[in-house]
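A closer look at the structure
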Amino acid sequence: MAEIDKVDVALSILKIAIVVGALLNVTPIMVWVERRGSALIQDRVGPNRVGPFGLFQSLADAAKFFLKEDIVPLGAHKWLYSLAPMFGLIPALTTIAVVPWGRPFPLRSGRIFEPIVADVNVGILLIFALASLSVYGIVTAGWASNNKYSLFGGIRSSAQMISYELAMTLAAISALMVAGSLRLTDVVWKQTGYFVLFDTIKIPAWNILSPAMWIPCIVFTVAAFAETNRLPFDFAEAEAELVAGYHTEYSSMKFALFFMSEYIAMATVSALITTLFLGGWDIPWYNEPATFLGFLLSAAAFTIKVGILMLIFVWVRWTIPRLKYDILMRVGWKVFLPLAVINILLVALFIAKEWI
Amino acid sequence: MIEYAVFFFFAAIAVIFALVVILHRNPVVGALSLVASFFALAVMYVLLDAPFLAALQVIVYAGAIMVLFLFVIMLLNLQKQAEEPTRPVQQFVGYAGSAAFGIALVYYLSKYVVLELPASPFVADARTVGVALFESYIFPFEMVSILLLAAIVGALVLSGRGVQTS
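Computed from a predicted structure; not experimentally measured.

**As for the overall build of chain A**
For chain A, the count of helices and strands is 13 helices and four strands. Taken against the 2.2 N^0.38 rule, which gives 21 Å for 356 residues, the C-alpha radius of gyration of chain A at 21 Å falls within 12% of a compact globule. Along the longest, intermediate and shortest principal axes, the C-alpha atoms of chain A span 65 × 50 × 50 Å. For chain A, the residues scored as buried account for 44% of the 356 residues in total. For chain A, contacts bridging at least 24 residues in sequence account for 76% of all contacts bridging at least 6.

Encoded structure:
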């Protein structure tokens, strides 16, 4: 194999630092957005004491997590109980490695800076692989707590997650067929073009704007809600039925890790939806130049799109009631999976006739 | 140099977790250690220039099959059972048999193994695998899909037994 290039290593470390730093900071921001957003939807005020508009509420929450007593239930498995939050956090943090978050641009030395941590040939498969690994955190947490309610929550949630993984994968395949490659950078580059209607109107070639991709976009988004255990699919944490589901017996920092991994998974899955369907870092109707300014603008566009999607996550949480468990499983297998499969055929038809 | 370090590290992980699977009392810990072992194997595939296969290993084995194993283990609620101590004859035959098998395996592998990747530039990505599956290996592909269908039908029949139809 080739020798290791020191500048490459340094650039990779910088990229990892940027991406992981951004993801770790998502949690406090999303906590504030969720609490004020839910308050707005529910016609109340939300936290407004701890700083202007309650902006320092997240700091107060973090301090609370550090200072709370860490209770380990009697009979909990010694190792797995502590390892389970990490099983939840690791897939959420590492999936972002294959998502491109800006336009590549050449540095002064001629080297091209690609704002993606790992540009592998089979990028999307790594995302599916890590999404399948995220089931283990929940199942282990439910079992290791030595609590029947946690076990139920864990098993239910993992059954739901593996069901919706299928629909998610097949919906993503439609987006990949259009790009013709498994690499996420190719998917984004394909969406930087334009559809030309009637020889005059130029529409940005984002996948969400092409009719064959409406169904996969909806299926993928719904499956993303199910994968991250957000309402309307949060049976694992259903407060009314299961106390708090798989994280009932977790307190202080371990609960904070679960909390964080849920928000980070939400951010990662929003980044995925942006890359596959909303055009990634592409700014509509503007050909970003291959300069540092172009890179900054494209990274800002990516962040804005991901932010809008996360707002939609919060919005849906407080709008739609929780689905009953058997309905949830039935819809996942009998509605979304056939829709995703039929749409693969539809997209194949569109590609064969060169309408895409 | 770096790939030696990576290889030995992940090989050690694979072997250690495989030993945990066999030797630990608790089946859930065993299942999770098997997942870790599969993950280390996936890293081996990456070292052999086959990232597609590595991703498939994690998706299929570690992500789907082992989750199913864990479901069954957790739902069955297996307790640690006291086994009766094995007799000396059983122990001797067990150790001798495994040692003989291990020695034979190492001997034949060292005699016939190929130590280098094929000379011609080969690409092991999704496109070549897909083309090979649908052109050269189409018949085994269809046979495997029928086999899976038979397994699904069998599971449905077995689980439907005893259900009263109204």
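**Notes on the overall build of chain B**
Tallying secondary structure elements over chain B gives six helices and zero strands in all. In sequence order, chain B lays out its α and β elements as α-α-α-α-α-α. Relative to its 166 residues, chain B shows a buried fraction of 16%.

**Points about the interface of chain B and chain A**
Contact residues are listed per partner, giving 21 residues for chain B and 22 residues for chain A. Broken down by secondary-structure element, the contributors of at least two residues to the side of chain B that touches chain A are helix H1 (2-23), helix H2 (27-47) and helix H3 (51-76) of chain B. The greatest single-element share of the side of chain B that touches chain A, amounting to 13 residues, is contributed by H3 of chain B. When the residues that make up the side of chain B that touches chain A are grouped by side-chain class, the tally is 18 nonpolar, one polar and two charged.

**Here's the deal with unusual backbone geometry**
Residue and element names in this part refer to chain A. Despite not being glycine, aspartate 43 has its phi angle at roughly 60 degrees, a positive value. Here aspartate 43 lies in the loop between helix H2 (26-41) and helix H3 (57-67). You will see that phenylalanine 53, though not glycine, has its phi angle at about 55 degrees, which is positive. Position of phenylalanine 53 among the secondary structure elements: in the loop between H2 and H3. On the basis of neighbour counts, which here come to 13 C-beta atoms within 10 Å, the residue phenylalanine 53 falls in the partly exposed class.

**Digging into the packing of helix H7 (residues 148-179) of chain A against helix H13 (residues 325-352) of chain A**
What describes two packed helices is the angle between their axes and the distance between those same axes. Residues and elements named next belong to chain A. With their axes 9 Å apart at the nearest point, H7 and H13 run at an angle of 10 degrees to one another. Here H7 lies roughly parallel to H13, going by the angle between them. Considering only residue class, the contact of H7 with H13 consists of 21 nonpolar, five polar and one charged.

**Regarding the domain arrangement of chain B**
When the parts of a complex come together, some accessible area is lost, and that lost area is often taken as the interface size. Residues and elements named next belong to chain B. When cut into domains, chain B gives domain 1 (1-80) and domain 2 (122-161). Just the C-alpha atoms count here: the centres of domain 1 and domain 2 sit 23 Å apart. Each partner contributes to the interface: domain 1 provides four residues, whereas domain 2 provides four residues. Class assignment for the residues of the side of domain 1 that touches domain 2 results in three nonpolar, no polar and one charged.

**A look at the packing of helix H11 (residues 252-277) of chain A against helix H12 (residues 292-317) of chain A**
Residue and element names in this part refer to chain A. Axis separation between H11 and H12 bottoms out at 9 Å; the angle between their running directions is 120 degrees. Here H11 is positioned oblique relative to H12, judged by the angle of their axes. Crossing angle aside, the handedness with which H11 passes H12 is right-handed. Contact residues: H11 offers Met266, Ala267, Ser270, Ala271, Ile273 and Thr274, while H12 offers Phe302, Lys305, Val306, Leu309, Met310 and Phe313. Among the residues making up the contact of H11 with H12, the classes are represented as nine nonpolar, two polar and one charged.

**Some thoughts on the pairing of strand E3 (residues 194-197) of chain A**
Residues and elements named next belong to chain A. Relative to strand E4 (residues 201-204), E3 runs antiparallel, the two being bridged by four bridges. Note on E4: the bridge partner recorded for leucine 197 is isoleucine 201. Between E3 and the antiparallel strand that follows it, E4, lie three residues; phenylalanine 198 among them carries a positive phi value of about 50 degrees.

**Some words on helix H4 (residues 78-94) of chain A**
Alanine 84 of chain A marks where H4 of chain A bends most, by close to 35 degrees; the proline proline 85 of chain A follows one to four residues later. The set of residues buried in H4 of chain A consists of Tyr81, Ala84, Pro85, Phe87, Gly88, Leu89, Pro91 and Ala92 of chain A.

The rules behind each value
- Residues numbered from 1 in each chain as written.
- Chains lettered and ligands numbered in written order.
- Predicted model: local features only at pLDDT ≥ 70, side-chain atom pairs only at ≥ 80, totals over all residues.
- Helix = DSSP H or I, 4+ residues; strand = E, 2+ residues; numbered from the N terminus.
- Rg over C-alpha atoms; globule rule 2.2 N^0.38 Å.
- Buried ≥ 20, exposed ≤ 12 C-beta atoms within 10 Å, placed from the backbone.
- Contact = placed C-beta atoms within 7 Å.
- Nonpolar A, V, L, I, M, F, W, Y, C, P; charged D, E, K, R; others polar.
- Axes fitted to C-alpha atoms, helices over the stretch in contact; angles between N-to-C directions.
- Parallel < 35°, antiparallel > 145°, perpendicular 65-115°, else oblique.
- Domains from an automatic or database assignment.
- Left-handed = near helix turned anticlockwise from the far one by under 90°.
- Pairing = 2+ DSSP bridges.
- Bend = angle between axes of the 7 residues up to and from the residue.

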